[in-house]
Amino acid sequence: MKVAKPTLPKGTRDFLPEEMRKRQYIFNIIESHFKKFGFLPVETPAQENLSVLSGKYGEEGDQLMFRILNSGDFLKDISPDSLTGGYKNVLPYISEKALRYDLTVPFARMVVMHQHEINFPFKRYQIQPVWRADRPQKGRYREFYQCDADVIGSDSLLLEAELITLYYEIFSALNLKVNILLNNRKILTALSIYLGIPEQLTEFTIILDKLDKIGIAGVVEAWNAKGFPESVGEAFINLDIKSTSHLDFRNTINRFQVLFSDIPVGLEGLSELITVWELLPHFNRTLQQHVSLDFTLARGLNYYTGAILEVKSLDTEMGSIGGGGRYDNLTGLFGLPGISGMGISLGADRIYDVIEAAGKFPEYLISAVQVLLIYFDDQTLPATLKVLQELRNAGISAEIYPDQKKIGKQYEFAAKKNIPWVGLIGTSELSTQTLKVKYLPTGAEYSWDIPSFISEIKKAK
RNA sequence: GUGAUUGUAGCUCAGUUGGUUAGAGCGCCAGUUUGUGGCUCUGGAGGUCGCCGGUUCGAACCCGGUCUUUCACCCCA
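Basis of the calculations
- Residues numbered from 1 in each chain as written.
- Chains lettered and ligands numbered in written order.
- Predicted model: local features only at pLDDT ≥ 70, side-chain atom pairs only at ≥ 80, totals over all residues.
- Heavy atoms only, no water.
- Pairing = 2+ DSSP bridges.
- Helix = DSSP H or I, 4+ residues; strand = E, 2+ residues; numbered from the N terminus.
- Axes fitted to C-alpha atoms, helices over the stretch in contact; angles between N-to-C directions.
- Contact = heavy atoms within 4.5 Å.
- Buried < 20%, exposed > 50% of the residue type's maximum accessible area, 1.4 Å probe, protein only.
- Arc of directions from axis to C-beta.
- Expected span 1.5 Å × (residues − 1).
- Polar contact = N/O pair within 3.5 Å; in protein donor to acceptor, adjacent residues only side chain to side chain.
- Core = buried A, V, L, I, M, F, W, Y, C linked by side-chain atoms within 4.5 Å.

So, the sheet that holds strand β2 (residues 47–49)
Here 3 strands make up an open sheet; going across it, the order is β2-β4-β3 and the pairing antiparallel. Of all strands in the sheet, those bounded by a partner on one side alone are β2 and β3 (67–69). The average undirected angle you get between the axes of adjacent strands in this sheet is 45°. The sheet contacts of helix α4 (residues 87–94) involve β3 and β4 (95–99), and relative to β4 the element is tilted by about 85°.

Shown next as structure tokens:
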């Protein structure tokens, strides 16, 4: 057989131990916080039936989905004629499954299928990879992990506040500075009504969302290009919308309460924002400082109906590292209407990139194994193995070099693997019942018995 | 999906108007040191120049295709 050149599909990566240690550090922090907030773990399959996923993410999403070719002779029912109509006609016949595109829709599917086994309101967390056939670029991969926490079966605004708190606590634990942007879909609806273009809500918000990127002039220009009346742009400029910090939250709300006095949905959105805002200090006294009201925040996924959240890193330039919101009818897509949910998602791979760029991974991650024991010779091997067992029983991660190689090689191995302690039992140590220990970071050497060795390691930790 | 961009040793990169045997630094291996990593010194291994095709007497270099990298747009974590 011809030797295959080792390659990887576009946009996918291997993770060596050094990277995995850092990834696990992120996952562990996220997961422990999810648990602390009362969320329970679930998993769903990597594959979903196409009928479950298609149409849930808009046309764009359908295009970015990795479809799975049917097994066996997937062409047996295809007539040559049907090929002339383009790939979209043939697709339903040759593919009926796809890789999951996010975690929220499969979760909704799961809730509906297991509704009689689930105790509502149901708080679940899920940390699994998702796949998107996007072109890779900065912070964008074709296979990446999402970490989701959702509560389904309650429309309480307490959840909005609680999930914002959860976001903040996770990023604090990761030592990252973030700005949590907050908006409400109802505000966007009200804005479109106020500007007289309620029918064009979607086009309106998609462009509005780009405000921080292309500026107000760019936004107005884009609206005009879409055929919106000039008055829309003018009226919008007069609204003077900008991302507001905690200091002027109240003023902004008050101002829009006047503007939306005849638009019930707008007043409702504002009142929800106030409620959430006022709950925040009850979870964390300083939390409001990290939350910004941003009426231009739209978010693409069209199932959001209430609150919308997005997390921006302040440490490094990066797209959003988290997003979430309230959805009132996601399970309705699968025949279980009237159940409201609220969820957040964290992009672990982007968080990794931000921490890496900011140099904020903790130092201790570099050494996973604490002790290497030297394989000196067969005469001292039993004593060395005894030490190995005692170290492990004491909860210390330890290994013995498996071959009797030159001692210098064994030390070098430890150094390369960032193992700080090297222990050696040679002939003289055997007679004195001690261990020659070298601490590689300083090069210092000691003669210790096993109990002192163990206590010194624990002390250094 | 649109528009750019990258590919030469394990890594980071040189490589003249197309010319014989493609280089450097770091890393790696061996020795210096058969009870000790890092420092020094000595020696050594390692390359289908991403892949396929074309032009040419001759291609790492020019042309086409393809894969890949990175980046922007679209969209998003």
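Looking at helix α17 (residues 450–460)
Taken together, the buried positions of α17 are I450, F453, I454 and I457. On an axial view of α17, the arc spanned by its buried residues comes to 95°, and they lie on one face. Facing away from the buried side of α17, by more than 90 degrees, are the exposed residues P451 and K459. Of the surrounding elements, those touching the buried residues of α17 are β12 (371–373), α14 (381–393), β14 (421–424), β15 (435–439) and β16 (444–448).

What to know about helix α6 (residues 158–173)
With 16 residues, α6 should cover 22 Å at 1.5 Å per step; its first-to-last C-alpha distance of 22 Å lies within 8% of that length. Counted residue by residue, α6 has 12 buried out of 16 residues, so it is predominantly covered. Looking one or two places after α6, you find N175, whose phi comes out positive at around 65°.

Description of the side chain of N70
Mapped onto the elements of the fold, N70 is located in the loop between β3 and α4. Residue class for N70 comes out buried when judged on its relative accessible area of 14%. A polar contact of 3.1 Å, which involves the side chain of N70, links it to the backbone oxygen of Y93. Dropping the residues within four chain positions of it, N70 is found in contact with Y93, I94, S95 and E96.

Describing the nonpolar core
Counting residues in each nonpolar core, the largest one holds 79 residues, and the members touching the most others are F34, F171, L174 and I351. Among the elements that make up this core, the one with the highest residue count is α6 (9 residues). Discounting chain neighbours no more than four positions away, the residues touching F34 are F39, Y125, I127, C147, D148, A149, L166, I170 and L346.

A closer look at the sheet that holds strand β10 (residues 322–327)
Strands sit in the order β1-β5-β6-β11-β10-β9-β7-β8 across an open sheet of 8 strands; the sheet is mixed. Looking along the sheet, the strands with just one partner apiece sit at the ends: β1 (40–41) and β8 (291–293). The sheet contact formed by strand β9 (residues 307–313) and β10 spans 4 bridges and is antiparallel. Note that in β10 the partner of E310 across the bridge is G323. This element, helix α13 (residues 348–357), spans β6 (143–152), β9 and β11 (341–347) of the sheet and lies at about 45° to β11.

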